Amino acid sequence: MKGIKTFLRHLAKNKLYTTVTILGFAISLTFIILLSVYIGNELAVDNFHVHKERIYRLENESVDFSPPIATDLKTSIPEIEDFTRTLEGDGRIMASNGQQLKVNYLGVDTGFFDIFSFPLLKGRPKEVLQAANSIVLSKTMAIKLFGTIDIVGKTVFINKDHQFMVTGVMDDFPESTHLVYQDAIVNLRAFQRIWGFENILEEYGFASISIYFLAKPNTDLPSKASQLLQKFKKEYWLYQEGWANTVVFTPLKELYFSTKIGTGTKSNSKVFITVLSVIVFLILVLAVGNYINLTIAQATARGKEVAMKKLLGASKKRLFIQFIKESISLCLVAVLLALVFAKLVEPTFNNLLDTRLNLNDKFTMVNTAVLIGAILFIGIVSGMVPAINITAFKPIEVVKGAYGKTSKSMYGKVFTTFQYTVAIGLLACSWIILKQTDFLRNKDLGFQKDNIVHLEYVAGMNQKEVVKNALLEIPGVQDVSLTWQSPLSGGSNQTFDYNERSVSFQEFAVDSSFFNVFDLKVNFTAAAYSKDGVYLNETAIKELELNEDAVAFNMGEDKKPILGVVKDFNFKELRDKIGPLMIRQQQPDSYAESVFLKINGKNIAETADKIKATYTNLIGDVEFDLSFVDETIDQWYKRDERAGMIIGYFTLLSVIISVMGILAMSTFYMRQRVKEIGIRKVNGATVVEILKLLNQRFVKWVGLAFLISTPLSWFFMNKWLEGFAYKTTMDWWVFVLAGVTALLIALATVSWQSIKAATINPVDSLRTE
């Protein structure tokens, strides 16, 4: 108890040391807690499924297969117990005489709720999807439509015309699944009516669904992949024509981190999670190392206390345990502060990473035990080096005042260099990420993206002309285009045979206003107008090996007139290069899914309100969204921007820790050279000369950190940029600026202590020594 009182007096006497140590530790642990919870949540995705070890998704280079493949494999592979196919749809849902609400639904097979463990609040897993018109609503959608979940047997309509009977209510999909949130689950056979695709389940030519298999217990389904590949190469057109070359049964637990995105799924980057894990480790190393650095820097201040205790008979073991206890006590205070800080910044962190941490739910008995264990571990590790260092004092040297001369810290020099290596590297990386994000957002995409409003087309196909004319009458609206697919969706894939080879195009269907709305450049050909005529982009002309003045090409057995050549523009994220594009013409009976309105840019909010009001009058009580094209494109790069911001915050933290570390080292260093400074001043050295002498060592450390961090950060950023078809340059000045910034911060920190040491009266410093 007496030792604790002495330690508290030491903390009260050295307020700067106490504040820097505890606050630095607490801020670092705040990041560690938040990131650890996030990483834990991400790694636990799909853990709640009872059969998670037996669920596999069939994959090739993508995840797209034909519906009959599932039934074929169930029949031919005895290791398969069950399967479910998935196909995502969206539209409008309504109860009788109710409002039409937006709905996202997933078409599946009858075994879906047996394979996956999504809880049903109403209905039985084996029964809810038996009929083709069965529908299982989410809890939220059920309450929106009916105000209750007791709705089994009720009737709902999708897109007005398609009637379904509610056979079950499921709990809302949790965040911890690779499947995206769905408002409803329907039997896959429902697409026969909704899409008018009567033979969808038997059509091998339609390859746009995902297939999940449940393997029988104690079987090895993935081992059948090579055998299946040989079968597909002989019998399945997707492999015969070279569109797919591999077969893989991917375990459920790997799907969330897969780069292959299936229908109705979401993912995260395993590399990103790995980077965050490294960040957690680095923060912990920096925090513990900084505590050690600061404590050793204060060692001389406690030298007399230790010397007196040793002279009075205290054993080295007793002193060692005392300092470990002190370290654990400081760690406990820092952890408690960190928990408070973590709760305060949780909303900001959730917004930054587009997640929900729910820290309150993490306070379980198990997690509390882990936290106590972590406090003890970090406290012991953090306290060991200072304890060994301080208890090694020789009392006689302390009494003579010789300890300050002999105590050196190679550890401090190495750790300070390491801190600045991390800080400089992260500064450079965060600036390059932000530079790339800015480049992507401001790159000329080849089409006009500003002042264009986007609406979902939810009216009838026979109302297209009425809707367009009504929207054109709104003041501020310059032009209106109705389309199927667009630069926002990336188009629909169209594959056909051309000159004895398969070619793959993306496809839009647009009206005549499309080119004006998006300000696209078109070179019209001499081809006579035809409703079957198409427009090709420049890349498509090259892919077909045509001249720019070509007026037609063979598409399978048909001859397609080329009405014009469109100057290349980006219609996908800038991670992908521009591919071949075919633009068909919207016909009166063609399907349209989007409305784009070109506005004059004046009174935008007022114009948007008028558009909403006019559109609502046209379509009735139907829920719809209004967005702007430029804002939608900005969303494409949100993930990269978030990664840059996360690294930016960690950079700030590492700089703060580095400042604390170099402040500790400079304090330690100046105390060792007090007598030398006094002698130099007596011999005529100026304050500027002494400042130069004291600061040059720290400049060397930062310089060495710059030499280490620059090639490392360049290597990792170059690898990251390889994922983009269009990328910014890694200019040399970014790395130099990062180094100079770190150097200025270091000099500002060190100079504070250097000036204090250089301006001390030499008589006082020599008398003290």
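Residues numbered from 1 in each chain as written. Predicted model: local features only at pLDDT ≥ 70, side-chain atom pairs only at ≥ 80, totals over all residues. Heavy atoms only, no water.

(A) Region of interest: the overall build of the protein chain. The helix and strand tally for the protein chain stands at 26 helices and 21 strands. The dimensions of the protein chain, computed from C-alpha atoms along their principal axes, are 100 × 60 × 55 Å. In the protein chain, once contacts between residues fewer than 6 apart in sequence are set aside, the share between residues at least 24 apart is 79%. Accessible surface computed for the protein chain: about 36000 Å², of which carbon and sulfur atoms make up 57%. For the protein chain, the centre of its 82 positive side-chain charges and the centre of its 75 negative side-chain charges are spaced 18 Å apart. (Helix = DSSP H or I, 4+ residues; strand = E, 2+ residues; numbered from the N terminus. Contact = heavy atoms within 4.5 Å. Areas by Shrake-Rupley, 256 points an atom, 1.4 Å probe, with all protein chains shown as cover. Lys, Arg positive; Asp, Glu negative; His and termini not counted. Charge placed at Lys NZ, Arg CZ, Asp CG, Glu CD.)

(B) Layout of helix H17 (residues 464-472). Taken together, the buried positions of H17 are Lys-464, Val-467, Lys-468, Ala-470 and Leu-471. Seen along its axis, H17 keeps its buried residues to an arc of 165°; they face one direction. Those residues of H17 that are buried lie in contact with strand E12 (477-484), strand E20 (594-599) and helix H20 (604-619). (Buried < 20%, exposed > 50% of the residue type's maximum accessible area, 1.4 Å probe, protein only. Arc of directions from axis to C-beta.)

(C) Just the nonpolar core, in detail. Counting residues in each nonpolar core, the largest one holds 73 residues, and the members touching the most others are Leu-29, Tyr-38, Leu-276, Phe-349 and Phe-650. For this core, the elements supplying multiple residues, two or more each, are helix H2 (15-43), helix H10 (270-297), helix H12 (316-353), helix H13 (365-391), helix H16 (410-442), helix H22 (638-672), helix H24 (687-721) and helix H25 (732-758). It is H10 that provides the largest number of residues to this core, a total of twelve residues. Setting aside its immediate chain neighbours within four residues, Phe-349 contacts Leu-34, Leu-35, Tyr-38, Leu-357 and Ile-646. Ranked by size, the runner-up nonpolar core spans 51 residues in total, among them Ala-70, Leu-73, Phe-191 and Ile-200. (Core = buried A, V, L, I, M, F, W, Y, C linked by side-chain atoms within 4.5 Å.)

(D) How the structure looks around the pattern of salt bridges. Following the criterion strictly, the structure yields 21 salt bridges and no others. With a shortest N-O distance of 2.4 Å, Asp-625 and Lys-102 are connected by a salt bridge. Of the two residues, Asp-625 is situated in the loop between H20 and strand E21 (626-628) and Lys-102 in strand E3 (residues 101-108); the sequence distance between them amounts to 523 residues. Overall, the relative accessible area of 27% leaves Lys-102 in the partly exposed class. Glu-346 is the salt-bridge partner of Lys-343, the closest N and O atoms lying 2.9 Å from each other. Placement of both Lys-343 and Glu-346 in helix H12 is noted, with a separation of three residues, approximately one turn of the helix. The class for Lys-343 is partly exposed, based on a relative accessible area of 37%. The network of salt bridges with shared partners includes Arg-92, Lys-102, Glu-456 and Asp-625. (Salt bridge = Lys/Arg side-chain N within 4 Å of Asp/Glu carboxyl O.)

(E) Region of the structure containing the packing of aromatic side chains. In total, this model carries 36 aromatic pairs according to the counting rule given. Relative to Phe-118, the ring of Phe-112 lies with its centre 5.8 Å away and its plane at 10°, an arrangement referred to as stacked. For the pair Phe-112 and Phe-118, one class covers both residues: buried. Relative to Trp-237, the ring of Tyr-236 has its centre 6.3 Å away and its plane inclined at 85°; by these criteria the two rings are edge-to-face. Trp-237 sits in the partly exposed class, given a relative accessible area of 26%. Among the aromatic residues, those joined into a cluster by ring pairs are Phe-447, Phe-508, Phe-514, Phe-515, Phe-518, Phe-524, Tyr-535, Phe-569, Phe-571 and Phe-596. The ring of Phe-257 has Lys-270 lying over it, and the distance from NZ or CZ to the ring centre is 5.2 Å. Lying over the aromatic face of Tyr-726, Lys-443 brings its terminal NZ or CZ to 4.6 Å of the ring centre. (Phe/Tyr/Trp six-rings, centres within 6.5 Å; stacked < 30°, edge-to-face > 60°. Lys NZ or Arg CZ within 6 Å of the ring centre and 35° of its normal.)

(F) Region of the structure containing the environment of Ile-185. Within the secondary structure layout, Ile-185 lies in strand E8 (residues 184-187). In this structure Ile-185 comes out as buried when scored by relative accessible area, which is 0%. The spatial distance from the C-alpha of Ile-185 to the C-alpha of Phe-206 is 21 Å, given a sequence separation of 21 residues.

(G) A look at the side chain of Thr-437. Within the element layout of this structure, Thr-437 appears in helix H16. A distance of 2.9 Å separates a polar side-chain atom of Thr-437 from the backbone oxygen of Ile-433. Apart from the residues lying within four places of it in its own chain, the contact partners of Thr-437 are Tyr-637, Asp-640 and Glu-641. (Polar contact = N/O pair within 3.5 Å; in protein donor to acceptor, adjacent residues only side chain to side chain.)

(H) Spatial organisation of the environment of Leu-238. Tracing the backbone shows Leu-238 in helix H8 (residues 237-240). Expressed as a C-alpha distance, the spacing of Leu-238 and Ser-277, which sit 39 residues apart in the sequence, is 39 Å. Excluding residues that lie within four positions of it along the chain, Leu-238 makes contacts with Asn-60, Asp-64, Ala-207, Trp-243 and Ala-244.

(I) Fine view of the pairing of strand E11 (residues 452-456). Most of E11 is tucked away: four of the five residues are buried. With five bridges connecting them, E11 and E20 associate as antiparallel partners. Within E20, the residue paired with Val-453 across the bridge is Leu-597. In this structure, E11 lies alongside E21, joined through three bridges in antiparallel fashion. Looking at E21, one finds that His-454 is bridged to Ser-627. (Pairing = 2+ DSSP bridges.)

(J) Looking closely at the environment of Val-108. With respect to the helices and strands, Val-108 occurs in strand E3. Judged by relative accessible area, Val-108 falls into the buried class, the value being 0%. In this structure the C-alpha to C-alpha distance between Val-108 and Glu-88, which are 20 residues apart in sequence, comes to 8.9 Å. Look past the residues within four positions of Val-108 in its chain and what remains in contact with it is Thr-84, Arg-85, Thr-86, Leu-129, Ile-185, Val-186, Asn-187 and Leu-188.

(K) Highlighting helix H7 (residues 225-235). Among all positions of H7, only Ala-225, Leu-228, Leu-229 and Phe-232 are buried. For H7, the angular spread of the buried residues around the axis is 105°, confining them to a single face. In this structure, H7 carries Ser-226, Gln-227, Lys-234 and Glu-235 as exposed residues pointing more than 90 degrees from its buried face. Of the surrounding elements, those touching the buried residues of H7 are strand E1 (55-59), helix H3 (68-76), H8 and strand E10 (248-251).

(L) Seen up close, the side chain of Ser-134. For Ser-134, the location among the structural elements is in strand E5 (residues 134-138). A polar contact is formed between the side chain of Ser-134 and the backbone oxygen of Ala-131, at a distance of 2.9 Å.

(M) Representation of the packing of helix H23 (residues 674-682) against H24. Their axes nearest at 11 Å, the elements H23 and H24 cross at an angle of 150°. By the criterion of interaxial angle, the relationship of H23 to H24 is roughly antiparallel. The element H23 and its partner H24 pack so that their crossing is right-handed. Every residue of H24 that contacts H23 at Glu-676, Ile-677, Arg-680 and Lys-681 is listed here: Ile-690, Leu-693 and Leu-694. For the contact of H23 with H24, the class distribution of residues is four nonpolar, no polar and three charged. (Axes fitted to C-alpha atoms, helices over the stretch in contact; angles between N-to-C directions. Parallel < 35°, antiparallel > 145°, perpendicular 65-115°, else oblique. Left-handed = near helix turned anticlockwise from the far one by under 90°. Nonpolar A, V, L, I, M, F, W, Y, C, P; charged D, E, K, R; others polar.)

(N) The confidence of the model for the protein chain, seen in detail. Here the protein chain averages 86 in pLDDT, while 90% of its residues score no lower than 70. Between residues 404-408, whose pLDDT stays under 50, and residues either more than four places distant or in other chains, the model counts eight contacts. (pLDDT = per-residue confidence, 0-100.)

(O) Region of the structure containing a nonpolar patch on the surface. Together, Leu-704, Ile-708, Leu-712, Trp-714, Phe-715 and Phe-716 make up a nonpolar patch on the protein surface, roughly 590 Å² of accessible area in all. Among the structural elements, Leu-712 can be located in helix H24. (Patch = residues over 30% accessible without salt bridge, like charges linked within 9 Å, V, L, I, M, F, W, Y side chains within 5 Å.)

(P) Spatial organisation of unusual backbone geometry. Even without glycine at this site, Asn-218 takes up a positive phi of about 60°. Position of Asn-218 relative to the elements: it lies in the loop between strand E9 (210-215) and H7. Among the residues examined, Asn-218 registers a relative accessible area of 85% and is labelled exposed. Not every positive phi belongs to a glycine, and Glu-545 is a case in point at roughly 55°. Of the residues examined, Glu-545 reaches a relative accessible area of 63% and is grouped as exposed.

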